[in-house]
Structures are given as C-alpha cells and as structure tokens.
Amino acid sequence: MAESMSSEEGHRTGIIADTAYRQYEKRLLKEVLQKPAPEHVAIIMDGNRRFARELGLAPTEGHREGRNKLEEILNWGMEVGVKILTVYAFSSENMNRTQAEIDELMKLFEESFYKAAADERVHRHKIRIRVLGMVEILPENVRKAIRHA
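What counts as what
Residues numbered from 1 in each chain as written. Predicted model: local features only at pLDDT ≥ 70, side-chain atom pairs only at ≥ 80, totals over all residues. Heavy atoms only, no water. Axes fitted to C-alpha atoms, helices over the stretch in contact; angles between N-to-C directions. Helix = DSSP H or I, 4+ residues; strand = E, 2+ residues; numbered from the N terminus. Parallel < 35°, antiparallel > 145°, perpendicular 65-115°, else oblique. Left-handed = near helix turned anticlockwise from the far one by under 90°. Contact = heavy atoms within 4.5 Å. pLDDT = per-residue confidence, 0-100. Salt bridge = Lys/Arg side-chain N within 4 Å of Asp/Glu carboxyl O. Buried < 20%, exposed > 50% of the residue type's maximum accessible area, 1.4 Å probe, protein only. Patch = residues over 30% accessible without salt bridge, like charges linked within 9 Å, V, L, I, M, F, W, Y side chains within 5 Å. Areas by Shrake-Rupley, 256 points an atom, 1.4 Å probe, with all protein chains shown as cover. Phe/Tyr/Trp six-rings, centres within 6.5 Å; stacked < 30°, edge-to-face > 60°. Core = buried A, V, L, I, M, F, W, Y, C linked by side-chain atoms within 4.5 Å.

**A look at the packing of helix 3 (residues 59–80) against helix 4 (residues 99–118)**
And then number 1: Where helix 3 contacts helix 4, the two axes come as close as 10 Å, and the packing angle between them is 25°. By the angle class used here, helix 3 and helix 4 are roughly parallel. Relative to helix 4, helix 3 is oriented so that their crossing is right-handed. Residues P59, T60, H63, R64, R67 and E71 of helix 3 pack against E101, E104, L105, K107, L108, E111, S112 and K115 of helix 4.

**Brief notes about the confidence of the model for the chain**
And then number 1: Of the residues in the chain, 91% reach a pLDDT of 70 or more, and the chain-wide mean stands at 86.
And then number 2: For the chain, per-element mean pLDDT is lowest for helix 1 (residues 7–33), which scores 75, and highest for helix 6 (residues 140–148), which scores 96.

**Examining the pattern of salt bridges**
And then number 1: Within this structure, the stated rule accounts for 13 salt bridges.
And then number 2: The partner of E72 in a salt bridge is K69, with the nearest N and O atoms 3.1 Å apart. A residue pair is termed a helical-turn pair when its members lie 3 or 4 positions apart in one helix, as E72 and K69 do in helix 3 at three residues.
And then number 3: Residue classification places E72 among the partly exposed positions, given a relative accessible area of 39%.
And then number 4: K69 sits in the partly exposed class, given a relative accessible area of 38%.
And then number 5: Of the charged contacts in the structure, one is a salt bridge between E101 and R97, with a shortest N-O distance of 3.2 Å.
And then number 6: Judged by relative accessible area, which is 7%, E101 ranks as buried.

**Here's the deal with a nonpolar patch on the surface**
And then number 1: A surface patch of nonpolar side chains, about 300 Å² in accessible area, is lined by Y21, Y24 and L28.
And then number 2: Locating L28 in the fold gives a position in helix 1.
And then number 3: Given a relative accessible area of 37%, L28 falls into the partly exposed group.

**Focus: the packing of aromatic side chains**
And then number 1: All chains considered together, the criterion is met by one aromatic pair.
And then number 2: A centroid spacing of 5.8 Å and a plane angle of 85° characterise the contact between F90 and F109, whose relative ring orientation is edge-to-face. Remark: F109 occurs in helix 4 and F90 occurs in the loop between strand 2 (84–88) and helix 4; sequence separation between them is 19 residues. Residues F90 and F109 agree in their burial class; the two are buried.

**Details of the nonpolar core**
And then number 1: In this structure, F90, I102, L105, M106, F109, F113, L138, V142, A145 and I146 together form the largest nonpolar core, which totals ten residues.
And then number 2: Examining the composition of this core, we find that five residues originate from one element, helix 4, more than from any other.
And then number 3: If sequence neighbours within four positions are ignored, A145 has contacts with E110, F113 and Y114.
And then number 4: Formed by six residues, the second largest nonpolar core is a distinct cluster that contains L29, V41, I43 and V80.

**Brief notes about the environment of G62**
And then number 1: When you line up the elements, G62 lands in helix 3.
And then number 2: Taking the C-alpha atoms as reference, G62 lies 8.3 Å from G47; in sequence the two are 15 residues apart.
And then number 3: Sequence-distant contacts of G62, defined by excluding residues within four places in its chain, comprise N48, F51 and A52.

Take a look at the structure:
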C-alpha cells in the first residue's frame, strides 16, 4: 500500500523543487548571456486550456497562468536584451469559444494593456506596444486599453 505524503513533506518537496528550478534558471541565464541575444523572439500563446484541463482547473485559470508566464518571458527578454517580442495571443478561430471564455480573455487583455501602460519599465526602456490584426473585432474596452498602452 502506498503511503501518502504529509503536508509538511509536500511543502519541503515544493521548496526543494522551487530552489532547484531557480538554480536551473540562473545557470540557463548565464549560458544565454554568453552569446548575443536574439533581436526578435516570437511566441504563440497556445496550450493554456490544455494545461488547465490537465490540472483540473477552469480554462480561465490556464489563460491567467499563460499571462503570468508571458510576464516572466518579458522580464527575461529585457534582462538579456531582446529588442522585439511578438506575441500571437488571439486568433479569429478563438471567437468560436464560449462567450464566457471570450469575455474572460478580453478582460485579461484589457487588464494587461493597462498594466503595461502603467509599468515604469515600459517608459524607462521606451518600449513601444503595437497590436496587429483585426483590432476592430475586439470589444471597445479592449481597443481603448490598447490605445492607452
């Protein structure tokens, strides 16, 4: 019969895993900094719903985690000197999802654009935010947040 892990053991295991991952990130960053940074990095935001489903979470939680991961990537890009970051975040196919999921994505987009506009790093580094594609199909509140950013 398998023994279950106590809460304390699980907590210790999590701390060890987090520490190991931070060390891995430091080593990886050191390696990356030894070579010229790429000028342009492009990311397709995909798999957030699958990720959430595998963890037994709602799709919206997967989208929020994806946004958080994108924030980590933005930080990493600034740290190593990436000049251009292209993020493909929403396709016209996504309009076939449930209205509740679309509404949540639009809320995330709106929040993210306002957050970017308020981020002092954006101003300090003179980061320009451009949105490409069929912006006209987005809700007015999202278009307003884009203009603000």
